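Chain residues, written in single-letter form:
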Amino acid sequence: MSKAALSDVEQIPGALGKGANYHWLATRDVVNMAMEPPAPRTLQIDCEPQSVIVNLRQTAIVVIDMQNDFCTKGGWVDQIGGDPNPDRAPIAPLQRLLPALRAAGVPVIWVNWGNRPDLLNMPPNQIHLYQPSGRGVGLGDPLASNGAPVLEKDSWAAAVVDELAPDPADIKVDKYRISGFWDTPLDSILRNLGVKSILFAGVNTDQCVLHSLTDANFLGYGCVMVEDCCATTSPAFCTEATVWNVKKCFGFVTDSSRILAALQATPPA
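Quick caveat, the model's predicted, so the values are computed rather than measured.

> Whenever I open this one, the overall build of the protein chain confuses me. Can you help?
When you go through the protein chain residue by residue, the secondary structure sums to nine helices and eleven strands. For 269 residues, the compact-globule estimate of 2.2 N^0.38 gives 18 Å, and the C-alpha radius of gyration of the protein chain, at 19 Å, lies within 12% of that figure. With the principal axes as the frame, the protein chain shows a C-alpha extent of 60 × 45 × 30 Å. When each of the 269 residues of the protein chain is scored for burial, the buried share is 48%. Considering only contacts within the protein chain whose residues lie at least 6 apart along the sequence, 67% involve residues at least 24 apart. Summing over all exposed atoms, the protein chain offers an accessible surface of approximately 12800 Å²; the carbon and sulfur share of this is 55%.

This is the structure we're talking about:
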């Protein structure tokens, strides 16, 4: 939801809640729990296996792990000998898509690894993910490039890449597992905003994006993967299998150009 929309709700005397789609209205004597949501603002998006119609007022985009550790030279992937360049592919399409979605009042939610310095909520199996031999540079260890601790909250390593600097009105959620819904407030935030449909973007397509999307599907959200706004350093067959499974089992697949075309064809609010 745009900053303006949130402000409109906050300026209503007695409004309880941040979302225009879901809030109460309280007076001294009565609490109205049946507030009418705003009229739908529909958008038809060309997707596979079917086109979908979403209500822009009930839609958000979740951008996952577009962080320096995965997408920038000197980050964790680069330091352990991987190539971060494939994970940079979503930057350009997101630079075009996100401003258009913000202008349409769609909330932009950044869901990123942001671990505690003491890692007290991280069980051994999660630490193993980044340090499989028990040695080397793992979660919280300093990067050789600049000393930033790997994927630690508020560090350079965990920050969103400079090219996609979040807008002050965007929403940020720290995650601690492959799925952005596990042990985070993401589901509560989406429900309090009245979100029913989610656009998914970020890295890695076959890992954190896929498992966040599948959890959203299990929770009842309508899920749309924006394919050119997703990327992975995994082999190509991983992306192929992920896209196939999303279309078969978990939702729909589109790209940023089709969303932009739909937005351009839709009258402004």
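The structure having been displayed, the exposition proceeds.
> Just checking my understanding: could you explain the sheet that holds strand S9 (residues 197–203) for this structure?
In a beta sheet, neighbouring strands pair by backbone hydrogen bonds and run either parallel or antiparallel. With parallel pairing, six strands are arranged side by side in an open sheet as S8-S7-S6-S9-S10-S11. Two strands in the sheet have a free side with no partner beyond their single neighbour: strand S8 (171–175) and strand S11 (252–254). Along the sheet, successive strands turn relative to each other by an average axial angle of 25°, direction set aside. Relative to S11, strand S10 (residues 222–231) runs parallel, the two being bridged by three bridges.

> How should I be thinking about the sheet that holds strand S1 (residues 15–19) in this particular structure?
Spatial strand order, S1-S2-S3: three strands in an open sheet with antiparallel pairing. With one partner strand each, in any of the chains shown, S1 and strand S3 (31–32) form the two edges of the open sheet. Where strand S2 (residues 22–26) and S3 come together, two bridges link them in antiparallel fashion. From the neighbouring strand, Leu25 faces S3, where its bridge partner is Asn32.

> Would you take a moment to explain the nonpolar core for this structure?
Within soluble globular proteins, side chains that are nonpolar generally end up buried alongside one another. Counting residues in each nonpolar core, the largest one holds 74 residues, and the members touching the most others are Ile61, Phe70, Ile109, Leu190, Ile198 and Phe200. Aside from chain neighbours lying at most four places away, what touches Ile109 is Ala60, Ile61, Val62, Val63, Ile171, Val173, Leu186 and Leu190.

> Can you walk me through helix H9 (residues 256–264) in this structure?
Along an α-helix, residues three or four apart share an orientation, since each turn contains 3.6 residues. Among the residues of H9, those classed as buried are Ser256, Ile259, Leu260, Ala262 and Leu263. The buried side chains of H9 occupy one side of the element, clustering within an arc of 160° when seen end-on.

> In this structure, what is going on with the pattern of salt bridges? I would like to understand it.
Pairing between side chains of opposite charge can happen when their charged atoms approach one another. According to the stated counting rule, one finds ten salt bridges in the structure shown. Of the charged contacts in the structure, one is a salt bridge between Arg102 and Asp170, with a shortest N-O distance of 2.7 Å. Of this pair, Arg102 sits in helix H4 (residues 91–103) while Asp170 sits in the loop between helix H5 (124–130) and S8, and the two are 68 residues apart along the sequence. For Lys153, the salt bridge is made with Asp174, and the minimal N-O distance between the two is 2.7 Å. In this pair, Lys153 is assigned in the loop between H5 and S8 and Asp174 in strand S8, connecting sequence segments 21 residues apart. Salt bridges sharing partners connect three or more residues here, namely Asp46, Asp255 and Arg258.

> Can you walk me through unusual backbone geometry in this structure?
What you tend to see is this: most non-glycine residues have negative phi, and most peptide bonds are trans. The peptide bond linking Glu48 to Pro49 adopts the cis configuration, its omega dihedral lying at 5°. Looking at the secondary structure, you find Pro49 in the loop between strand S4 (42–45) and strand S5 (52–55). Cis rather than trans, the peptide bond between Val203 and Asn204 has omega equal to -15°. Structurally, Asn204 is set in the loop between S9 and helix H7 (205–218). Unusually for a residue other than glycine, Leu119 sits at a positive phi of about 55°. Secondary-structure assignment places Leu119 in the loop between strand S7 (108–113) and H5. Located in the positive-phi region is Leu151, a residue other than glycine, with phi close to 55°. As for its placement among the helices and strands, Leu151 is situated in the loop between H5 and S8. When its relative accessible area of 0% is taken as the criterion, Leu151 is described as buried.

About the thresholds
Residues numbered from 1 in each chain as written. Predicted model: local features only at pLDDT ≥ 70, side-chain atom pairs only at ≥ 80, totals over all residues. Heavy atoms only, no water. Helix = DSSP H or I, 4+ residues; strand = E, 2+ residues; numbered from the N terminus. Rg over C-alpha atoms; globule rule 2.2 N^0.38 Å. Buried < 20%, exposed > 50% of the residue type's maximum accessible area, 1.4 Å probe, protein only. Contact = heavy atoms within 4.5 Å. Areas by Shrake-Rupley, 256 points an atom, 1.4 Å probe, with all protein chains shown as cover. Pairing = 2+ DSSP bridges. Axes fitted to C-alpha atoms, helices over the stretch in contact; angles between N-to-C directions. Core = buried A, V, L, I, M, F, W, Y, C linked by side-chain atoms within 4.5 Å. Arc of directions from axis to C-beta. Salt bridge = Lys/Arg side-chain N within 4 Å of Asp/Glu carboxyl O.

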